[in-house]
Amino acid sequence: MVGGRRFRPGGGFGRQLDEYETRVGVPPPTESPAAASHGGLVDSAVYIRGHRFASPSGLAETYRCLQEQDGAMAWIGLYRPDIEQITSLAREFRLHDLAVEDAINAHQRPKLERYGHTLFVVLRAARYDDLREEVEFSELHLFIGPGFVVTVRHGEAPDLAAVRRRLETEAQMLARGPEAVLYAILDQVVDGYAPVVAGLENDIDEIETQVFGGDPNASRRIYGLSREVIQFQRAARPLLSVLDALADGAGSASADEELRRYLRDVTDHLTQVVERVDGFRHLLQNILTVNATLVSQQQNEEMRSLTAASYSQNEELKKVSSWAAILFAPTLIGTVYGMNFVHMPELNWRFGYLFALLLMLLVCGTLYVIFKRRGWL
């Protein structure tokens, strides 16, 4: 409810509201404290001149407190909110239906869009899981407008409670308005990249050890880490454009020079992160090439070993075959003369026995000479 008038976004999200009203029979509720505490509302606070004035327990109470206090700013933090909560926020703060749909569906790239007096920012935070040695990515959506900040998280990172606590101890900074909250959140997201960079660097060092140690699982880990580095690039690199746009005044024309200096510092840190991640990607490509070369060399060595073993086996087989052929000749002759038929002419020959022996020696000697010349023996 804004100025006593009900606001209905157009487009796809407006149709979702119409479907809800048709199904239930009444307009969607704005918010009740019980529903808020049971739903996706993490924290809601109203600030006046940088100090927490109230801590409403629900969205409806936040709206009422914001309307009653001149110069107040509301900071509403949501975690995977349901459609009723997003509906309530869209009606109260006149959020554009395209931005609302992005906040519901998530899976967006880091970007900055301005819809009238409202700024819509998408950030992708990263967190390194030491136990699994993996990088976890989460999405954060921010609606920044006159007198309000709405944060919608779709993951565990970043730790917005820490950002809120830090800003509440710096009332002078928080008094600068919603832009100060945006810059503090940007700083938290970029600072969260540092442990991820350190974790990836440690993983790359371990992979180098695996590659030169001949670990057969190195290739799989290289591919997995390359995929994480690419995802990290997609999270961090587009954020540079967001920061540049904010530095050029896309956030608010009234942003003072102090906030701009604060923003430039965040940009410097992010630039260092992006450069290191780019270096990681090139390094992994080189490691993959080296690993492929080492694997190829190892395969060649194995092929040479197999070839040598096969050659040795062939030589042994030649020797066995040669001796088998040599021994087969006298066996054949002895078998023929051992049949003892009556009408064999050699049986009554005086030199038949001597002839059979000489014939065996002659055949064996001839085969030996042939095999010896061919290198089989």
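Since the model is a prediction, treat every value here as computed from it, not as a measurement.

Novice: Could you give an account of the sheet that holds strand β6 (residues 134-145), naming the residues involved and the relevant values?
Specialist: Backbone-to-backbone hydrogen bonds join strands into a sheet, with any given pair of strands oriented parallel or antiparallel. The sheet built from 7 strands is open, its strands ordered β2-β1-β3-β7-β6-β5-β4 with mixed pairing. The two strands at the open ends of the sheet, each matched to only one other strand, are β2 (51-54) and β4 (111-115). For this sheet, the mean angle separating the axes of adjacent strands, direction not counted, is 25°. Sitting on the sheet, helix α5 (residues 97-105) is in contact with β4, β5 (118-129), β6 and β7 (148-153), with an inclination near 155° to β6. Packed onto the sheet, helix α9 (residues 218-247) meets β4, β5 and β6 and runs at close to 20° relative to β6.

Novice: Quick rundown of the pairing of β2? Include the residues and the values.
Specialist: Here 3 bridges tie strand β1 (residues 41-48) to β2, and the two strands are oriented antiparallel to one another. Within the sheet, the bridge partner assigned to Val-46 lies in β2 and is Ala-54. Counted between consecutive antiparallel strands, the loop separating β1 from β2 contains 2 residues, among which Arg-49 sits at a positive phi close to 55°.

Novice: I'd like to hear about the side chain of Asp-187, residue by residue, with values.
Specialist: Considering the arrangement of structural elements, one finds Asp-187 in helix α8 (residues 178-212). In this structure Asp-187 comes out as buried when scored by relative accessible area, which is 9%.

Novice: Kindly report on the nonpolar core, identifying the contributing residues and their values.
Specialist: Within the largest apolar cluster, 60 residues are counted, with the highest numbers of intra-cluster contacts made by Ile-185, Leu-186, Tyr-193 and Phe-232. In terms of residue count, the dominant contributor to this core is α8 (16 residues). Apart from residues no more than four positions distant in its own chain, Phe-232 is found in contact with Ala-126, Phe-137, Tyr-193, Val-196, Val-197, Leu-200, Val-273 and Val-277. Residues Tyr-63, Ala-74, Ala-99 and Phe-148 belong to the second largest nonpolar core, which totals 25 residues.

Novice: Got a sec to walk through the packing of helix α6 (residues 160-168) against α8? Specific residues and values, please.
Specialist: Direction vectors running N to C along α6 and α8 enclose 130°, while the axes themselves pass 10 Å from each other. As summarised for this structure, α6 and α8 are arranged oblique, according to the angle between their axes. Relative to α8, α6 is oriented so that their crossing is right-handed. Mapping the contact onto sequence places Leu-160, Val-163, Arg-166 and Leu-167 in α6 and Ala-180, Val-181, Ala-184, Ile-185, Asp-187 and Gln-188 in α8.

Novice: Just give me the short version of the packing of helix α3 (residues 59-68) against helix α4 (residues 83-93), but keep the residues and values in it.
Specialist: As a packed pair, α3 and α4 sit with axes 11 Å apart at the nearest point and diverge in direction by 15°. In terms of orientation, α3 and α4 fall into the roughly parallel class. In this structure, α3 crosses over α4, and the sense of that crossing is right-handed. Note on element contacts: α4 touches α3 through Gln-85, Ser-88, Leu-89, Glu-92 and Phe-93, opposite Leu-59, Tyr-63, Leu-66 and Gln-67.

Novice: I'd like a description of α6, backed by residues and values.
Specialist: Taken as a whole, α6 has its buried residues at Leu-160, Val-163, Arg-164 and Leu-167. For α6, the buried positions fall inside an angular range of 100° around the axis, keeping them on one side.

Novice: Please give an account of the environment of Tyr-47 that cites residues and values.
Specialist: The residue Tyr-47 is located in strand β1 in this model. For the pair Tyr-47 and Ala-171, spaced 124 residues apart in sequence, the C-alpha to C-alpha distance is 9.6 Å. In contact with Tyr-47, not counting residues within four places along its chain, are Arg-52, Phe-53, Gly-71, Ala-72, Met-73, Trp-75, Arg-164, Glu-168 and Leu-174. At 2.6 Å, the side chain of Tyr-47 forms a polar contact with the side chain of Glu-168.

Novice: Before we move on, can you summarise the pattern of salt bridges with the specific residues and values?
Specialist: On inspection of all chains with the given rule, the structure shows 14 salt bridges. Notably, a salt bridge pairs Asp-43 with Arg-164, separated by 3.2 Å at the nearest N-O pair. You can see Asp-43 sitting in strand β1 and its partner Arg-164 sitting in helix α6, a full 121 residues away along the chain. Since its relative accessible area comes to 25%, Asp-43 is described here as partly exposed. For Arg-164, a relative accessible area of 6% corresponds to the buried category. A salt bridge links Glu-139 to Arg-124; the shortest N-O distance between them is 3.4 Å. Here Arg-124 lies in strand β5 and Glu-139 lies in strand β6, a separation of 15 residues in the sequence. Judged by relative accessible area, Arg-124 falls into the partly exposed class, the value being 22%. Salt bridges sharing common partners tie together Arg-127, Asp-129, Arg-132, Glu-134 and Glu-136.

Parameters and conventions
- Residues numbered from 1 in each chain as written.
- Predicted model: local features only at pLDDT ≥ 70, side-chain atom pairs only at ≥ 80, totals over all residues.
- Heavy atoms only, no water.
- Pairing = 2+ DSSP bridges.
- Helix = DSSP H or I, 4+ residues; strand = E, 2+ residues; numbered from the N terminus.
- Axes fitted to C-alpha atoms, helices over the stretch in contact; angles between N-to-C directions.
- Contact = heavy atoms within 4.5 Å.
- Buried < 20%, exposed > 50% of the residue type's maximum accessible area, 1.4 Å probe, protein only.
- Core = buried A, V, L, I, M, F, W, Y, C linked by side-chain atoms within 4.5 Å.
- Parallel < 35°, antiparallel > 145°, perpendicular 65-115°, else oblique.
- Left-handed = near helix turned anticlockwise from the far one by under 90°.
- Arc of directions from axis to C-beta.
- Polar contact = N/O pair within 3.5 Å; in protein donor to acceptor, adjacent residues only side chain to side chain.
- Salt bridge = Lys/Arg side-chain N within 4 Å of Asp/Glu carboxyl O.

By themselves these figures say nothing about function.
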